[in-house]
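# Reading the structure
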Amino acid sequence: MILNIKTRDITQSAVISEEISTALYCSSNLSANASDYDNAIVVHVFFSQVKNTDDLLEFQNLAKAAKVNILSTITTTRSTPQAKYFVGQGKAQEIADEVKRLDADIVLVNHSLTPAQTRNLESLCDCRVVDRSGLILDIFAQRARSHEGKLQVELAQLKHLSTRLVRRKTGLDQQKGAVGLRGPGETQLETDRRLIKVRIAQLQNRLEKVEKQRNQNRRTRQKSDIPTVSLVGYTNAGKSTLFNALTQANVYAADQLFATLDPTLRRLWIQDVGATILADTVGFIRDLPHDLISAFKSTLQETVEASLLLHVIDCADSRKLENIQAVNQVLEEIRAQDVPVLLIYNKIDQLENTLPHIEYDDQNKPQAVYLSAHDGQGLDLLIEAIRQRLSNEILTFDLKLAPQESKIRHRLYQLNCILQEQISEQGEFLLAVRIDKTEWLKLLKQFPHLAPMQA
Ligand SMILES: Nc1nc2c(ncn2[C@@H]2O[C@H](COP(=O)(O)OP(=O)(O)OP(=O)(O)O)[C@@H](O)[C@H]2O)c(=O)[nH]1
Ligand SMILES: [Mg+2]
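Residues numbered from 1 in each chain as written. Chains lettered and ligands numbered in written order. Predicted model: local features only at pLDDT ≥ 70, side-chain atom pairs only at ≥ 80, totals over all residues.

## What to know about the overall build of the chain
For the chain, the count of helices and strands is 13 helices and 14 strands. Here the chain, with 455 residues, has 35% of them falling under the buried criterion. For the chain, long-range pairs separated by at least 24 residues make up 70% of all intrachain contacts whose partners lie at least 6 apart in sequence. (Helix = DSSP H or I, 4+ residues; strand = E, 2+ residues; numbered from the N terminus. Buried ≥ 20, exposed ≤ 12 C-beta atoms within 10 Å, placed from the backbone. Contact = placed C-beta atoms within 7 Å.)

## Structural notes on the sheet that holds strand β2 (residues 68-77)
The four strands lie next to each other as β2-β1-β3-β4, forming an open sheet whose pairing is parallel. In this open sheet, the two strands that pair with only one neighbour each are β2 and β4 (128-131). Strand after strand, the sheet turns through a mean of 25° between neighbouring axes, direction not considered. Contacts from helix α2 (residues 89-102) reach β1 (38-46), β2 and β3 (106-109), with the element oriented near 160° to β2. (Pairing = 2+ DSSP bridges. Axes fitted to C-alpha atoms, helices over the stretch in contact; angles between N-to-C directions.)

## Section: α2
Its 14 residues place the ends of α2 20 Å apart at the C-alpha level, agreeing with the 20 Å of an ideal helix rising 1.5 Å per residue. In this structure, the buried residues of α2 make contact with β1, β2, β3 and α3 (115-125). (Expected span 1.5 Å × (residues − 1).)

## Details of the site of ligand 1
Around ligand 1 sit 23 residues in total, of which G238, D255, T260, G283 and H374 are the nearest. When residues in the shell around ligand 1 are grouped by element, the largest group, three residues, is from helix α7 (residues 239-247). Counted by class, the shell around ligand 1 contains seven nonpolar, twelve polar and four charged residues. (Near = placed C-beta within 6 Å. Nonpolar A, V, L, I, M, F, W, Y, C, P; charged D, E, K, R; others polar.)

## Overview of the confidence of the model for the chain
Of the residues in the chain, 85% reach a pLDDT of 70 or more, and the chain-wide mean stands at 82. In the model, residues 1-32 has pLDDT below 50 throughout and makes 64 contacts with residues more than four positions away in sequence or in other chains. Confidence drops under a pLDDT of 50 for residues 168-178, and excluding neighbours within four residues, the segment shows ten contacts in the predicted structure. (pLDDT = per-residue confidence, 0-100.)

## Overview of the packing of helix α1 (residues 54-65) against helix α4 (residues 132-143)
The interhelical angle for the contact between α1 and α4, taken along N-to-C directions, is 40°, at an axis separation of 9 Å. Judged by the angle between their axes, α1 and α4 are oblique. Crossing geometry of α1 relative to α4 is assigned as left-handed. Packed against α1, whose contacting residues are F59, L62, A63 and A65, the element α4 presents R132, L135, I136 and I139 at the interface. (Parallel < 35°, antiparallel > 145°, perpendicular 65-115°, else oblique. Left-handed = near helix turned anticlockwise from the far one by under 90°.)

## Considering the UniProt feature "binding site: Mg(2+)" (unreviewed entry) in the chain
Those residues carrying the UniProt feature "binding site: Mg(2+)" (unreviewed entry) are S240 and T260 in this numbering. Maximum C-alpha separation among the annotated residues is 7.6 Å over a sequence range of 21 residues, consistent with a single clustered spot. By the element assignment, S240 lies in helix α7. Of the residues examined, S240 has 24 C-beta atoms within 10 Å and is grouped as buried. Other than its neighbours up to four places away in sequence, S240 contacts V251, Y252, A253, A259, T260 and D280. Its location among the elements puts T260 in the loop between α7 and β6 (264-270). Contact partners of T260, with chain neighbours within four places excluded, come to K239, S240, V251, Y252, D280, T281, V282 and G283. (UniProt positions renumbered as here; feature names shortened; annotations may be inferred.)

## Comments concerning the sheet that holds β6
Strand order in the open sheet formed by seven strands is β6-β7-β5-β8-β9-β11-β10, with mixed pairing between adjacent strands. The two strands at the open ends of the sheet, each matched to only one other strand, are β6 and β10 (357-360). Geometrically, the sheet is characterised by an average inter-axis angle of 25° between neighbouring strands, direction not taken into account. In this fold α7 packs onto β5 (228-233), β6, β7 (274-280), β8 (308-314) and β9 (341-346), with an angle of close to 155° to the strand it touches most, β7.

## Considerations on the environment of F447
Tracing the backbone through its elements, the reader meets F447 in the segment after α13 (437-446). As a C-alpha pair, F447 and I408 span 39 residues in sequence and 8.2 Å in three-dimensional space.

## Points about the nonpolar core
Membership of the largest hydrophobic core comes to 92 residues, with the highest contact counts inside it found for V107, L108, F140 and I344. Counting residues per element, this core draws most heavily on α4, at six residues. Core analysis: the second largest hydrophobic core is formed by eight residues, L415, C417, L431 and V433 among them. (Core = buried A, V, L, I, M, F, W, Y, C linked by C-beta atoms within 7 Å.)

## Considerations on the pairing of β8
Across the seven residues of β8, five count as buried, placing the element largely inside the fold. Two elements, β5 and β8, share five bridges in a ladder whose sense is parallel. Pairing of V229 across the sheet is with L308, part of β8. Where β8 and β9 come together, six bridges link them in parallel fashion. Opposite L310, over in β9, you have L342 as the bridge partner.

## Brief notes about the environment of S123
Within the fold, S123 resides in helix α3. Since 12 C-beta atoms lie within 10 Å of it, S123 is described here as exposed. C-alpha separation for the pair S123 and A96, spaced 27 residues apart in sequence, amounts to 9.5 Å.

## Here we look at the pairing of strand β13 (residues 418-423)
Counting buried positions over the six residues of β13 gives zero, only a small fraction of the element. Examined bridge by bridge, β13 and strand β14 (residues 429-436) share five bridges and lie antiparallel to one another. The partner of I423 across the bridge, within β14, is F429. Hairpin connection, β13 to β14: the antiparallel pair is bridged by five residues, and G427 has positive phi, about 85°.

Below you can see the structure in the form of structure tokens.
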């Protein structure tokens, strides 16, 4: 069945040219020469004898996404991290020698380092050391385009940095009583901490304002009873490609981790449901830095409050199951685990013998759709599955209200849910109602005695 799909751009993120300096790459000029890129040594520790290189490969792709030149990759196997350098003393020295030999600018470590481990490695290697969280934050900083995105990334970076501030080596700040160096009773370190605190408060304040606007827009949409369908999934799964295919939009999609940062919304018309909003947003990855998730809360709010999540999965990826798990973990963290989900197994063109199809559960409810966003196979099935899932969530029934219950009747009119109305001889309102299930549950909370009339 081919359904009528109408689209219209309904929001566009404001873009301002404010720049953020980042740990790795201090200019947001994306067309910089290769010679401007940092030259890096990548370090990865295997924690079991069975060496799974997928994690390392992903980290190398993250480094590429951050516009870093990888000079060499050093791996090692350990049962647990070592306290001082994360890797053992000998390995740390090997890294330092390699940095010197290849004249590297930076060491990238595919794990979470403690501030002390970062410091120790930095002084041994005499160059910057960035861990997995730092690298992800940096990619976000390079990609952020909207005002809100930039504020969110800066907030996350400052929070990450605030735990890593250390006393400068010069010692100037520690001199006691030296003329001209004595500050107003605080060391440089304290000044830095105070300034960061002030900036964090400033950013939180500004983000609250942007968030208010976003909430306002969402409330307007909720009032007008338009369901939101949000695309979620591991980075590079094909969300933006699918978004474009469904809405004929032109969102940036690329074989690149975190190609999308700012949420984009388009109107999508679905038969029996009417207008819906389709939302494309940032992709997830395992070990997404916590500061980043909390900074992106208002963006991700779109996801939490959706009527339906389309969880896009790259079914040709060997780590399909782990990726699904990582996405579910982030969904839990943003408290979206109870939003209904439809699984989208994308990229079936890369599998042999898989045709587009819908998988149903015991109650005949669509659970999963197999398709290819790239060549359009199965898109009509996806629309059909969304239709079934959303129209199942719309209830139609008759309701009788006593004359003194006009407040409820007024609310139902506000929600635009009354299909037909008659008034009985006793002055009761006999209403034919068509209402979104969640709205109905909300009303029941407010007016617990309400009940549809028995047929
Ligand atoms: N073969 C194949 N490739 C696809 C398909 N869908 C998307 N891709 C490719 O997968 C890559 C990632 O696609 P995107 O749409 O940018 O993925 P995304 O999930 O939006 O990624 P982020 O925004 O980075 O989280 C691109 O190179 C797409 O061309 C598909 O159905 N088949
Ligand atoms: Mg994308």
